[in-house]
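Given next are the chains, with one letter for each unit.
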Amino acid sequence: MDVKREYTNGDITVVWQPGKCIHSENCFHGLPNVFKPKEKPWIDTSGATSAEMMSQVNKCPSGALSAYVNSEKSKEEVMGKIKIQVFENGPLRVTGDLEITHKDGSSEVKETAASFCRCGHSSNKPFCDGSHKKEGFIG
């Protein structure tokens, strides 16, 4: 079951998918007034501006956090651009509307982001599961 939780400030909505989280703690360290793992709910959208939250959410290496603007614009208009980011000693993160075709021919759609394994140790290939940390991947 794919769990999704949404938190909004009226301007934007932050979406959290706990099944994707690799606990990099980028969110908490980047915006501790918003991301409070010891509290419930753990995301407080009143703790920063919408722009600050969007910026921090875009740094999530697993794609467990995403956000969209609560306006008349469609999701396609908001997410139309593809962005690729290489994390030092970590995954390759691709943000945007993605259709991923696997080696067996099956495909899936990722509407916000996906982090791809670069170390080769992930048990969830082609996606990153955080194995690079314990394996000491350098790249």
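Higher on the page you've got the structure.
Residues numbered from 1 in each chain as written. Predicted model: local features only at pLDDT ≥ 70, side-chain atom pairs only at ≥ 80, totals over all residues. Heavy atoms only, no water.

Visitor: Sorry if this is basic, but what is going on with the side chain of S62 here?
Guide: With respect to the element layout, S62 can be found in the loop between α2 (50–57) and β3 (65–69). Polar contacts involving the side chain of S62 include one to the main-chain amide nitrogen of A64, which spans 3.1 Å. If we skip the residues at most four places from it in the chain, S62 touches K20, C21, I22 and S115. (Helix = DSSP H or I, 4+ residues; strand = E, 2+ residues; numbered from the N terminus. Polar contact = N/O pair within 3.5 Å; in protein donor to acceptor, adjacent residues only side chain to side chain. Contact = heavy atoms within 4.5 Å.)

Visitor: How should the sheet that holds strand β2 (residues 12–16) be read in this particular structure?
Guide: The strands making up a sheet are joined through hydrogen bonds of the backbone, oriented either antiparallel or parallel. The 3 strands are arranged β1-β2-β3 in an open sheet whose pairing can be described as antiparallel. Every interior strand has two partners, whereas the edge strands, β1 (5–8) and β3, have only one. Between one strand axis and the next, the sheet turns by 25 degrees as a mean value, whatever way the strands run. As paired elements, β2 and β3 share 5 bridges and run antiparallel to each other. Directly across from T13, in β3, lies its bridge partner Y68. The strands touched by α2 are β2 and β3; relative to β3, the strand with the most contacts, the crossing angle is about 140 degrees. (Pairing = 2+ DSSP bridges. Axes fitted to C-alpha atoms, helices over the stretch in contact; angles between N-to-C directions.)

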